[in-house]
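Each chain is listed here by its residues.
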Amino acid sequence: MKYLCPTCDREVAVGSHCPRCIKKKPRRKAARKSWEQEPSADGLDLPDEDFDYDDFVAREFGHAPHRKIGITWYWYAVALLLLALMLIGLFI
Ligand SMILES: [Zn+2]
């Protein structure tokens, strides 16, 4: 069986390192799996573990993170009315 080396797209036998890439890398790094990335490639700029979401939102948007979404009473009345109309429609 063969697979395509993720680094150089060359066909390599399963269970062995890519002969082309293993030459390019220093010995210690070549011992790693070829699909593993260098720690220096972790430049995703993701927030830390202790990222404070509420603080972030407060800074970004300048107000409290969560505003209460209130549904006024007449929408409940509309919902009940529609439900009643549908039930009536079923039995006519
Ligand atoms: Zn390769």
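Before going into details, it helps to say that this report is about the structure given with it. Keep in mind that this is a model prediction, so the values were computed, not measured. (Residues numbered from 1 in each chain as written. Predicted model: local features only at pLDDT ≥ 70, side-chain atom pairs only at ≥ 80, totals over all residues. Heavy atoms only, no water.)

Secondary structure assignment for the chain yields 4 helices and 2 strands. Taken from the N to the C terminus, the helices and strands of the chain come in the order β-β-α-α-α-α. For the chain, the residues scored as buried account for 9% of the 92 residues in total. Considering only intrachain contacts with a sequence separation of at least 6, the fraction spanning at least 24 residues in the chain is 9%. As displayed, the chain has an accessible area near 8,800 Å², and 61% of this comes from carbon and sulfur atoms. (Helix = DSSP H or I, 4+ residues; strand = E, 2+ residues; numbered from the N terminus. Buried < 20%, exposed > 50% of the residue type's maximum accessible area, 1.4 Å probe, protein only. Contact = heavy atoms within 4.5 Å. Areas by Shrake-Rupley, 256 points an atom, 1.4 Å probe, with all protein chains shown as cover.)

Before going further, it helps to examine the nonpolar core. Note on soluble globular proteins: their nonpolar side chains tend to be buried together. Membership of the largest hydrophobic core is limited to 5 residues, which are C5, C8, V12, C18 and C21. With residues near it in sequence (within four places) discarded, C8 still touches C18, R20 and C21. (Core = buried A, V, L, I, M, F, W, Y, C linked by side-chain atoms within 4.5 Å.)

This part covers helix α3 (residues 53–61). Looking at where α3 begins, the residue whose side-chain oxygen comes 3.3 Å from the main-chain nitrogen of D54 is D52. A positive backbone phi angle near 70° is found at G62, which sits one or two residues after α3. (Polar contact = N/O pair within 3.5 Å; in protein donor to acceptor, adjacent residues only side chain to side chain.)

This part is about the environment of V14. Tracing the chain through its elements places V14 in the loop between β2 (11–13) and α1 (19–24). Sequence-distant contacts of V14, defined by excluding residues within four places in its chain, comprise M1, K2 and Y3.

Further remarks concern a nonpolar patch on the surface. Where nonpolar side chains cluster on the molecular surface, the patch consists of I71, W73, Y74, W75, Y76, V78, L81, L82, L85, I88 and I92 and spans about 1,300 Å² of accessible area. The topology assignment puts L82 in helix α4 (residues 73–91). (Patch = residues over 30% accessible without salt bridge, like charges linked within 9 Å, V, L, I, M, F, W, Y side chains within 5 Å. Salt bridge = Lys/Arg side-chain N within 4 Å of Asp/Glu carboxyl O.)

So, about the packing of aromatic side chains. Tallied over the entire structure, the rule returns 3 aromatic pairs. Consider the rings of W73 and Y74, whose centres lie 5.8 Å apart with planes at 85°: the pair is edge-to-face. In this structure Y74 comes out as partly exposed when scored by relative accessible area, which is 42%. Cluster of aromatic residues (ring-pair linked, three or more members): W73, Y74 and W75. (Phe/Tyr/Trp six-rings, centres within 6.5 Å; stacked < 30°, edge-to-face > 60°.)

This part is about a positive patch on the surface. A grouping of K2, R10, R20 and K23 is seen on the molecular surface, where their side chains present a positively charged patch. Relative to the elements of secondary structure, R20 occurs in helix α1. (Lys, Arg positive; Asp, Glu negative; His and termini not counted. Charge placed at Lys NZ, Arg CZ, Asp CG, Glu CD.)

This part covers a negative patch on the surface. Together, E49, D50, D52 and D54 give the surface a local cluster of negative charge. Locating D52 in the fold gives a position in the loop between α2 (27–30) and α3. Taking the relative accessible area as the measure of exposure, D52 reaches 45% and is therefore partly exposed.

The next point concerns the coordination of the zinc ion. Taken together, the protein ligands of the zinc ion are C5 (SG), C8 (SG), C18 (SG) and C21 (SG), with distances of 2.2 Å. One can describe the site at the zinc ion as tetrahedral: its 4 donor atoms subtend angles covering 104 to 114° at the metal. Each donor residue of the zinc ion lies on one chain, and together they are spaced C-x2-C-x9-C-x2-C. Taken together, the residues span a long stretch of sequence, with C5 in the loop between β1 (2–4) and β2 and C21 in helix α1 at a distance of 16 residues. (Donors = N, O, S within 2.8 Å, 3.2 Å for Na, K, Ca; no water. Tetrahedral: all angles 85-135°; square planar, octahedral: opposite > 155°, others 65-115°.)

Honestly, it's all geometry; don't read function into it.
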